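One-letter residues, chain by chain:
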Amino acid sequence: MEEVVNVFDITTLFKSFLGANTAKGFVSRFADSYNADEGWRAYIIKGGPGTGKSTMMKQLAAFFADKGERVELCPCSSDPDSLDAVIFHNRKVVILDGTAPHTVDPVFPGVCEKIINLCDCWDDKAFLGKEGEIIKLIRENKTLHSKASRYISAAGGLLSENRKTAALVLDEKKIKRFVRSLCRRMLKQGERSSESVRFLSGITPKGMLFLRSSIAPHYKTVIALEDDLGAVGKVFFSELRRECLKLNKSIITCYNTIDPDIIDHILLPDEGIAFCSENRLTHPEGITRRIHARRFTDMAALAGKKQTINFNRRAADELLREAISLIAEAKRVHDMIEKYYIDAMNFEAVGDIAARIAGEIE
């Protein structure tokens, strides 16, 4: 087996989040990233922070992308410079970080899932006398994330109120008619529907992060719904999803990072078409057509609610800023935890495991 080295610029690959810090706590889509019935295989990596999980995934991503294969990167929302998963679409293989908070355990062990235990690559003696410090830091990290979740939940409540206010003055039937007409003009009947679930935005230590580079370079047609309050988008994307699946299309459904029950974007990779939300937090690149929410909204009626809407928006922004600050502090604590594990690791052994996995995938 040839050595696994980074020879490909993986920053150009399609990226998405499989997990997100939301108003409903941490939401994981990890278990939905592969399908045993369709012949997918999953490598579930177990190990502490700093044990080389992300580095291994980056090496394997570069290795197979260099061969011209379709590879998808899934950054970590708590540290977007690290990876939570890498998906090899041509091979129907996914490699996942199976540790908390996105714990993944085998459902069909040995059949389509395999656990990679990096705990075997560290020296237990390196932790002697440091147990108390590590336990304290792990608990502190968890507490910071819990506090951040409460702030995100409060912000989500305020933004939900704005969305409900706008929903009272929109023409839902007109939105649905428009979506059905749009689909008839742009999409043909497919052979078999499929759906992948992702997030394209995340509340991260670096702020509200939208993976905008996952749109323009990978999709030639980008249709943006300009909708700052999200009420039109809630109806628009729900109806669009229904129509796409009825037409047997393969879609990537991307949910809102604050309210994970609402769809923000729908991507059709086979057609090279992306339907995206455009608002204060998401600004897609390469827009070829823009649809304005106001065409479906009674703007005069909405104007009477402007003061309340602006107040809720400002309060939500402040709550989200505090949540981001807490997540950044949690990242600082996580980095301190990592140092203990890095000092204990045999990274040569981790490299041998990466080479073995590459061989198995091939």
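Scroll up to find the structure.
Throughout what follows, the structure given in this document is the object of discussion. (Residues numbered from 1 in each chain as written. Predicted model: local features only at pLDDT ≥ 70, side-chain atom pairs only at ≥ 80, totals over all residues. Heavy atoms only, no water.)

### A look at the environment of T11
Definition in use: We count a stretch as a helix when DSSP gives it H or I for four or more residues in a row; a strand needs E for two or more, and each element gets its number in order from the N terminus. For the exposure calls, accessible area comes from a 1.4 Å probe over protein chains only, and a residue counts as buried if that area is under 20% of its type's maximum, exposed if over 50%, partly exposed in between. In protein, a polar contact requires one atom able to donate a hydrogen and another able to accept it; more generally it is a pair of N or O atoms within 3.5 Å, and residues adjacent in sequence count only if both atoms are side-chain atoms.
Among the structural elements, T11 can be located in the segment before β1 (14-15). On the basis of relative accessibility, which here comes to 52%, the residue T11 falls in the exposed class. Sequence spacing of T11 and A65 is 54 residues, and the spatial spacing of their C-alpha atoms is 11 Å. Of note is the side chain of T11, whose polar atom sits 2.6 Å from the side chain of D9.

### Description of the side chain of T297
Defined as follows: Residue contacts are defined here by distance: any two heavy atoms, one from each residue, within 4.5 Å place the two residues in contact.
Secondary-structure assignment places T297 in the loop between β16 (289-292) and α5 (299-303). At 3.0 Å, the side chain of T297 and the backbone oxygen of A293 are in polar contact. Ignoring anything within four residues of it in the chain, the contact list for T297 reads V169, L170, V232 and L302.

### Focus on helix α1 (residues 53-65)
For clarity, the threshold we go by: Each residue after the first adds 1.5 Å to the expected span of a helix.
Taking 1.5 Å of rise per residue, the 13 residues of α1 would be expected to cover 18 Å, and the 18 Å separating its terminal C-alpha atoms lies within 8% of that figure. Where burial is concerned, most of α1 is hidden: 10 out of the 13 residues are buried. Of the residues making up α1, those classed as buried are K53, S54, M56, M57, L60, A61, A62, F63, F64 and A65. In this fold, the buried residues of α1 make contact with β4 (41-46), β5 (71-76), β6 (79-88), β7 (93-97) and α7 (347-361).

### A closer look at the nonpolar core
Note the threshold: As used in this record, nonpolar core signifies buried Ala, Val, Leu, Ile, Met, Phe, Trp, Tyr and Cys residues forming a set joined through side-chain atoms within 4.5 Å.
With 54 residues, the main nonpolar core has M56, V71, V86, F88, I95, I357 and I361 as its most contacted residues. For this core, the elements supplying multiple residues, two or more each, are β4, α1, β5, β6, β7, α2 (131-167), α6 (306-344) and α7. For this core, the element with the highest residue contribution is α6, accounting for 13 residues. Look past the residues within four positions of I95 in its chain and what remains in contact with it is Y43, I45, M57, L60, D84, A85, V86, F88, I357 and I361. Counting 38 residues, the second-largest nonpolar core is a separate cluster that includes I175, F236, I251 and Y255.

### Some thoughts on the sheet that holds β6
Where we set the bar: Strands were regarded as paired on the criterion that DSSP finds at least two bridges between them. Here, axes are lines fitted to C-alpha atoms. For helices the fit covers the stretch in contact, and angles between N-to-C directions go from 0 to 180 degrees.
Taking strand neighbours across the sheet as the criterion, the six strands line up as β1-β5-β6-β7-β4-β8 in an open arrangement whose pairing is mixed. Pairing within the sheet leaves two strands with one partner each, and these edge strands are β1 and β8 (113-117). Seen against the sheet, α1 touches β4, β5, β6 and β7 and runs at an angle of roughly 50° to β6.

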